[in-house]
Amino acid sequence: MTGMEKSLCTLAAAFFLLYLNAALIQAQKASTDRNSLLKSTPRPASSFRPTKGTLTVTTVKPKYGKVNATIATTRKSPIKTTTARPSQMETRKPTKEPTKEPTKEPTKEPFKKQDKDAKEDKTPKLDCPPLGLESLRVHDSQIRASSSLRTGLGAHRGRLNIQSGIEDGDRYDGAWCARHKDKNQWLEVDALHLTKFTGVILQGRNSIWSWDFVETYKVQLSNDSVKWQTCMNGTEEAIFIGNQHTEIPVLALLPVPTVARYIRINPQTWYSNGTICLRAEILGCQVQDPSNIYAEEDSDYKDNLDFRHHNYKDMRTLMKSVHDECPNITRIYTIGRSYQGLKLYVMEFSDNPGKHELGEPEFRYVAGMHGNEALGRELVLNLMQYLCREFKKGNQRIARLITETRIHLLPSMNPDGYEEAYKKGSELAGWADGRYSYEGIDLNHNFPDLNNIMWNAQERALTKAQEKSKVPNHYIPMPEYYTKEDAMVAPETRAVINWMEEIPFVLSANLHGGELVVTYPFDCTRDWAPQEDTPTADNAFFRWLASVYASTNLVMSNPDRRVCHYENFQQHNNIINGGAWHTVPGSMNDFSYLHTNCFEVTVELSCDKFPHASELPIEWENNKESLLVYMEQVHRGIKGVIRDKQTRKGIPDAIIKVDDHEHDIRSAEGGDYWRLLNPGEYKIVVWAVGYFPSMRRCTVGMEPHPTLCDFTLTKTPAEVLKQIRAKSGKIPQDIQLRVRALRLKKLRASTKVINQKREGPRLRQKARKLNRKARAAGFWRA
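Worth saying up front: this structure is predicted, and the values here are computed from it rather than measured.

1. Quick look at the state of the cysteines
- Evaluation of the coordinates by the stated rule reveals 5 disulfides.
- A sulfur-sulfur distance of 1.9 Å marks the disulfide that ties Cys564 to Cys607. Across the disulfide from Cys564 to Cys607, rotation about the S-S bond amounts to roughly -65°, and the bridge is consequently left-handed. Note that Cys564 is positioned in the loop between helix H8 (539–552) and strand E20 (575–577) and Cys607 in the loop between strand E21 (599–604) and helix H11 (616–632), a separation of 43 residues in sequence.
- Relative accessible area serves as the criterion here: at 5%, Cys607 is assigned to the buried category.
- Sequence-ordered numbering of the bonded cysteines in the chain gives a pairing of 1-4, 2-3, 5-6, 7-8, 9-10.

Put into structure tokens, the structure is as follows:
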């Protein structure tokens, strides 16, 4: 090529570049004019650089779970994905009116590590929290749709993780479904304020009869719900990848976070054999308007607690910090390990930690039985901090509670399940990820079914014309099969049963999530009926316990609150018998009542099983009073000490029977007992093996203080025993107590063997790691 030809080529290339640059400037100007309605916050400069034939997409991974990293476009071209550094979540500040000229939101710095010694948190971060479709913070009136297949599939049902009833076709189906199958359908959410939208989470329809989900969709934004702008990916309309399954949530981040008031999800394709159905959550940060004089200030929560989700390491750190702050009234201990070796930590609050004091009742809160129901775990951790700080401040109510009660707090019964849910996070864990133990066991169905053992014994007694009163109604031994090594009993369940045996608990609550209701025993129905009211002998007091929590809970007691999923528990005052809701054989509540002296209810804390961290301060305020007042109920009824008349020593395992109540309790090791009862006058009979029975009347008042009702028993004379033997009579023996103790001994023995088998490989693996470190350090010797 000659010099002249090279010059001409260079000149032509220069003209072409000038023309291309002018064209790009013109296109950018047109795009700016077109988007004048909406103000956007750009990603870092490295993101979204469209090139010929290839579109590079930068994706910010979410804090919880996998992100849909692929965004399809209307142009058929290959797509590459890269990863950008996550941005710190912004705090939403509510305003009453939208701003007219929203400003661009600055990019925040990445999250900082909470603990220098903690391992690097590889969990990606979300830009903004959810608006609250799942948590019901978004009202039904804020959700609209182009059309609905029927009322039960209306726009108000398009909420992430909403559940349907067994029957399709009622008012409470499991998604929003469009009437028409075309690309003009949409689900619209009004954020009420200008909001920086950052992403959409999509789910299919919840139904056991139908299979419907959206495969791809567009996102449209507006400030007035009239003029709409489609979300762009470069110069093309962005097509977001939706679902390939009805239950797995899929997150798609907007290419450019955009400020608007309204957002629409516009399905483009859907499951070929189904229809347009979806459940959704919207991610967005409210934009602050400095010109709005009516803007509300940040919520000033009086209790400055650690409101965030705590993984296993964070939980241990928090518990240690509470103990260090209040060493005189706290104690941390473990009751066992999970299948993967995580310890089940308990924090005790008492004026004399580590010791059962005569006459002082024992109380427990258990959370995290289902690992993905995370709110209970955080509430228990918040409660630890609150009790410690308020005690130090001199709060008389808290001081009285701690000095008169021994409180045990187990924040995570299923730590393996929680860690699985935590990795995916509050919005992407779905409805069941992390619910079960590592072995796939539902811990709330894993306790011995003592209900049917008792009911079968009662039926046999009737057929033999025996007295029903002779059938055991308490301290029922666990079945023989349950104590074997090959029994399908989770290590977490074994640990809790052993814990129940060691401490004479009086009252407990099992904290769950996914609904707003308090349930009370029995959870298991007779004859395996799917739903049937199955009351205990203490039904009246259980209803009182449930009502105490529900009536003081700020959400449950709100008459205007929305139904969580498909059942309206407000018609029952937000309490219900467990069996009347659905049968649960092998529940911890029933086992606690029939095997020990402890009364226990289940509290369903929130419609959202795993609420976002931004919701935790609100949830604490909703439940704080309920948690405290429920603990105080341990002091209702009667209490006392049963002693030997001659030695004045306490008599353990004495039976305390309330007349007209077909449920007895027993005294603790020191002879002290607590019988929870409603106000009234009761005839109490106490007896023990080798002693004459004793009877007295005790009155329970309206005050939340127990009535002292002590008993002194007289031993049966040796002469009387000789006469009984001479007549070939049988000396009364507590066979039930002996069998119960024998079965517990077998359970502990089998648990020890199982733990040794499981611990062996773990120790060998740990030793191999230490050896490898030693080799690497040069200290290994053959």
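Still to come is the rest of the account.
2. Points about the nonpolar core
- Phe349, Tyr365 and Trp499 are the most contacted members of the largest nonpolar core, which has 98 residues in total.
- When residues of this core are assigned to their parent elements, the largest contribution, 9 residues, is made by helix H3 (residues 375–393).
- Among the nonpolar cores identified, the runner-up in size contains 30 residues, and Leu133, Ala178, Leu254 and Ile282 belong to it.

3. Details of helix H4 (residues 396–404)
- Buried residues of H4: Ile398, Ala399, Leu401 and Ile402, and no others. Within H4, the buried residues cover an arc of 160° as seen down the axis, which keeps them to one side.
- Contact partners of the buried residues in H4: strand E15 (343–349), H3, strand E17 (406–410) and H11.
- The opening residue of H4 is Asn395, an N-cap whose side-chain oxygen sits 3.0 Å from the backbone nitrogen of Arg397.

4. Re the sheet that holds strand E18 (residues 505–512)
- Spatially, the 8 strands line up as an open sheet ordered E14-E15-E17-E16-E18-E21-E19-E20, and their pairing is mixed. Taken across any chain shown, the strands that pair with only one partner, and hence form the sheet edges, are strand E14 (330–337) and E20. Looking at each pair of strands side by side, their axes are set apart by 20° on average, direction ignored.
- Both strand E19 (residues 517–520) and E20 contribute to a ladder of 3 bridges, which runs parallel. Across the sheet, the residue bridging to Tyr520 is Asn577, located in E20.
- In the packing of helix H7 (residues 491–502) onto the sheet, contacts are made with E14, E15, strand E16 (362–367), E17 and E18, and the angle to E14 comes to roughly 130°.
- The sheet strands contacting H11 are E16, E17, E18 and E21, and the helix crosses E16 at an angle near 145°.

5. Some details on the pattern of salt bridges
- This structure, assessed with the given rule, holds 29 salt bridges.
- Asp140 is paired through a salt bridge with Arg159; the nearest N and O atoms lie 2.7 Å apart. You can see Asp140 sitting in the loop between strand E4 (79–83) and strand E5 (143–145) and its partner Arg159 sitting in the loop between E5 and strand E6 (176–177), a full 19 residues away along the chain.
- What you see here is one network of salt bridges that share partners, running through Arg331, Glu348, Glu362 and Arg406.

6. Here's the deal with the pairing of E15
- With 6 of its 7 residues buried, E15 lies for the most part within the structure.
- Where E14 lies against E15, 6 bridges are found, and the strand directions are antiparallel. Paired with Tyr333 across the strands is Val346, a residue of E15.
- Linking E14 back to E15 in an antiparallel pair, the connection comprises 5 residues, with Gly341 at a positive phi of about 95°.

7. Section: the confidence of the model for the chain
- In this model, the chain carries an average pLDDT of 82, and 77% of its residues clear a pLDDT of 70 or more.
- Scored below 50 in pLDDT, residues 1–124 makes 222 contacts in the model with residues more than four places away or belonging to other chains.

8. Quick word on the sheet that holds strand E27 (residues 694–700)
- One open sheet accounts for 4 strands, arranged E24-E23-E26-E27; its pairing is antiparallel. Of all strands in the sheet, those bounded by a partner on one side alone are strand E24 (665–666) and E27.
- The sheet contact formed by strand E23 (residues 655–658) and E24 spans 2 bridges and is antiparallel. In the strand pairing of E24, Ile655 is matched with Arg666.

9. So, the packing of H3 against H4
- Running from N to C, H3 and H4 cross one another at 110°; their axes reach a closest spacing of 8 Å. In this view, H3 runs roughly perpendicular relative to H4, as classed from their interaxial angle. Where H3 crosses over H4, the two elements pack in a sense that is left-handed. Across the interface between the two elements, Tyr386, Leu387, Glu390 and Phe391 of H3 pack against Ile398, Ala399 and Ile402 of H4.
- Broken down by class, the residue content of the contact of H3 with H4 amounts to 6 nonpolar, no polar and 1 charged.

10. Digging into the pairing of strand E12 (residues 250–270)
- For E12, the buried fraction is high: 19 of the 21 residues fall into the buried class.
- With 8 bridges connecting them, strand E8 (residues 214–222) and E12 associate as antiparallel partners. Bridge pairing links Val219 to Ile265 in E12.

11. Looking at the packing of H4 against H11
- Interhelical geometry of H4 versus H11 gives an angle of 45° and a closest axis separation of 11 Å. Taken together, the axes of H4 and H11 lie oblique to each other. In this structure, the crossing between H4 and H11 has a hand that is left-handed. Residue-level inspection shows Arg397, Ile398 and Leu401 of H4 in contact with H11, the latter providing Glu625, Leu628, Val629, Met631 and Glu632.
- Broken down by class, the residue content of the contact of H4 with H11 amounts to 5 nonpolar, no polar and 3 charged.

12. Quick word on the environment of Ala487
- Locating Ala487 in the fold gives a position in the loop between helix H6 (450–463) and H7.
- You can call Ala487 buried: its relative accessible area is 17%.
- In sequence terms Ala487 and Ser750 are 263 residues apart; their C-alpha atoms lie 9.5 Å from each other.
- For Ala487, the contacting residues outside a window of four places in its chain are Tyr481, Tyr482 and Arg494.

Thresholds, definitions, all that
Residues numbered from 1 in each chain as written. Predicted model: local features only at pLDDT ≥ 70, side-chain atom pairs only at ≥ 80, totals over all residues. Heavy atoms only, no water. Disulfide = S-S within 2.5 Å. Helix = DSSP H or I, 4+ residues; strand = E, 2+ residues; numbered from the N terminus. Buried < 20%, exposed > 50% of the residue type's maximum accessible area, 1.4 Å probe, protein only. Core = buried A, V, L, I, M, F, W, Y, C linked by side-chain atoms within 4.5 Å. Arc of directions from axis to C-beta. Contact = heavy atoms within 4.5 Å. Polar contact = N/O pair within 3.5 Å; in protein donor to acceptor, adjacent residues only side chain to side chain. Pairing = 2+ DSSP bridges. Axes fitted to C-alpha atoms, helices over the stretch in contact; angles between N-to-C directions. Salt bridge = Lys/Arg side-chain N within 4 Å of Asp/Glu carboxyl O. pLDDT = per-residue confidence, 0-100. Parallel < 35°, antiparallel > 145°, perpendicular 65-115°, else oblique. Left-handed = near helix turned anticlockwise from the far one by under 90°. Nonpolar A, V, L, I, M, F, W, Y, C, P; charged D, E, K, R; others polar.

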